[in-house]
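Residues per chain, in single letters:
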Amino acid sequence: VNKIAPTIIALKQMAIEANLSAIFFGHAGDGNIHANIIKNDLTDEEWTEKIEAYLDVLYAYVAKVGGKPSAEHGIGLLKKPFFQKYTGTSELVAMKAIKRAFDPENILNPGKIFDLWQLKMFLFLWQRHFFKNLFFASYDKHLLTYEMMV
């Protein structure tokens, strides 16, 4: 919470350096900062190039000061790659374990934050590689859950 003002100043300066218009506001009580980056008259190509570069710098700075790329509105598809890039491995493992515990079939917002199907495929291929003499015709979802938590 005590880093909100300096963070907004730094993010605004980064936007200026990236030649982007940006407005920031938030909630001092819980540390949320909302960044509204404005396209103005940029072409779609310019906008895509500039916003991708700026967001990477923005979220790197937020991570450096101890923040996360989320707020009261959650992660969403736009922040997903930054969330995964700037969240520690142990935190992601814990979050994925919670997701699997409460949603073992991955039917609640599949792919919105985690690509759990990729983990299942990785484990399937890993097990096939290391246990070549065994053929797993089907996998018990609970076995996969245990394997992914290790």
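A quick note: this is a predicted structure, and the numbers were derived from the prediction, not measured.

1. Side note on the pairing of strand β1 (residues 21-27)
(1) Moving on: Of the pairings in the sheet, the one linking β1 to strand β2 (residues 32-38) comprises seven bridges and is antiparallel in character. Looking at the pairing, G26 lines up with I33 of β2.
(2) Moving on: Linkage of β1 to β2, two consecutive antiparallel strands, is achieved through a turn of four residues, within which G31 is found at a positive phi near 85 degrees.

2. Regarding the packing of aromatic side chains
(1) Moving on: Inspection of every chain in the model, using the stated rule, returns one aromatic pair.
(2) Moving on: Both rings, one in Y59 and one in F82, keep their centres 4.9 Å apart while their planes meet at 35 degrees; by these two values the pair is tilted. Here the residue Y59 occupies a position in helix α2 (residues 44-64), and F82 occupies one in helix α3 (residues 76-85), the gap between them amounting to 23 residues. For the pair shown, Y59 and F82 are each scored as buried.

3. Thoughts on unusual backbone geometry
(1) Moving on: One non-glycine residue, N19, lies in positive phi territory at about 65 degrees.
(2) Moving on: Of note in the backbone geometry, N40 takes a positive phi value of approximately 55 degrees without being a glycine.
(3) Moving on: Along the polypeptide, N40 turns up in the loop between β2 and α2.
(4) Moving on: The exposure class of N40 is exposed, given its relative accessible area of 51%.

4. Topic: the nonpolar core
(1) Moving on: With 19 residues, the main nonpolar core has L11, I37 and Y54 as its most contacted residues.
(2) Moving on: Counting residues per element, this core draws most heavily on α2, which supplies eight residues.
(3) Moving on: By size, the runner-up hydrophobic cluster in this structure holds five residues, among which are F83, L92, F114 and L116.

Reading guide: rules and limits
- For every chain, the first residue of the written sequence is number 1, and numbering continues from 1 onward in sequence order.
- Where totals are concerned, whole chains, interfaces and linings use all residues; where local detail is concerned, this predicted model gives features only for residues with pLDDT of at least 70, and gives and counts side-chain atom pairs only at 80 or more.
- Water and hydrogen atoms were dropped before computing side-chain values, which therefore reflect all heavy atoms in the structure.
- Each pair of strands is called paired provided DSSP finds at least two bridges between the two strands.
- Labels follow the DSSP assignment, with helices taken as runs of H or I lasting at least four residues and strands as runs of E lasting at least two, numbered in each case from the N terminus.
- The rule is short: rings of Phe, Tyr and Trp, with Trp giving its six-membered ring, pair when the centres are within 6.5 Å, and they are stacked under 30 degrees, edge-to-face over 60, tilted in between.
- Per-residue accessibility, obtained with a 1.4 Å probe over protein chains only, is compared with the maximum for each type, and a residue is labelled buried under 20%, exposed over 50%, and partly exposed between these values.
- Remark: nonpolar core denotes a set of buried residues (Ala, Val, Leu, Ile, Met, Phe, Trp, Tyr, Cys) joined through side-chain atoms within 4.5 Å.

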